[in-house]
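Chain and residue survey
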Amino acid sequence: MAALLIAAVTKHLGAAVVAHHLHRWRYARPRYPLSVRSMQVQDSPSLMLAGDAFGGRDIESAILSGLAASEQLLAGATPRI
């Protein structure tokens with residue numbers, strides 16, 4: 001799994017990954033996932049919240065949440081809840 005993730009992001013980083021650690025916490029699951037993909041912290045337009053609690057409960061949701069947060073940051077948009 002880690003090799004696939006590193007291969008996927010290396011082209012976007014502009015540098016080689018020199019160290020990594022992948023760990024799944026057995027009991028760390030969002031109890032109440034939110035329907036939005038990410039959220040902007042009020043009064044802090046450059047700080048976004050993202051992860052598996054946004055839009056689902058799995059790794060795919062976490063990845064899609066991170067992508068949504070980065071797109072919102074780049075576009076300067078504020079998500080509505």
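In what follows, the accompanying structure is described. None of the values given here were measured: they were computed from a predicted structure.

Structurally, the position occupied by Asp-52 is in the loop between strand S2 (48-50) and helix H2 (59-75). For the pair Asp-52 and Pro-33, spaced 19 residues apart in sequence, the C-alpha separation works out to 7.7 Å. Contact partners of Asp-52, with chain neighbours within four places excluded, come to Ala-28, Pro-30, Arg-57, Asp-58, Ser-61 and Ala-62.

With 17 residues, H2 extends 24 Å between its outermost C-alpha atoms, agreeing within 8% with the 24 Å of an ideal straight helix rising 1.5 Å per residue. Taken together, the buried positions of H2 are Ser-61, Ser-65, Ala-68, Ala-69 and Gln-72. For H2, the angular spread of buried residues about the axis comes to 100 degrees, placing them on one side. Exposed residues pointing more than 90 degrees away from the buried face of H2 are listed as Glu-60, Glu-71 and Leu-74. Residues of H2 that are buried sit in contact with strand S1 (38-40) and S2.

What follows covers the environment of Arg-31. Structurally, Arg-31 is set in the loop between helix H1 (2-13) and S1. Separated by 22 residues in sequence, Arg-31 and Ala-53 have C-alpha atoms that sit 8.1 Å apart.

Bringing H1 into the picture now. The terminal C-alpha atoms of H1, which comprises 12 residues, lie 15 Å apart, in line with the 16 Å expected from a rise of 1.5 Å per residue. Within H1, only 1 of the 12 residues are buried, which leaves the element largely exposed. Just downstream of H1, Gly-14 is the residue with a positive phi angle, here 80 degrees.

Following the sequence through the fold, Ser-65 ends up in helix H2. The exposure class of Ser-65 is buried, given its relative accessible area of 0%. At 2.4 Å, the side chain of Ser-65 forms a polar contact with the backbone oxygen of Arg-37. Aside from chain neighbours lying at most four places away, what touches Ser-65 is Arg-37, Ser-38, Ala-50, Gly-51 and Phe-54.

Here is what the cut-offs are and how they apply
- Residues numbered from 1 in each chain as written.
- Predicted model: local features only at pLDDT ≥ 70, side-chain atom pairs only at ≥ 80, totals over all residues.
- Heavy atoms only, no water.
- Helix = DSSP H or I, 4+ residues; strand = E, 2+ residues; numbered from the N terminus.
- Contact = heavy atoms within 4.5 Å.
- Expected span 1.5 Å × (residues − 1).
- Buried < 20%, exposed > 50% of the residue type's maximum accessible area, 1.4 Å probe, protein only.
- Arc of directions from axis to C-beta.
- Polar contact = N/O pair within 3.5 Å; in protein donor to acceptor, adjacent residues only side chain to side chain.

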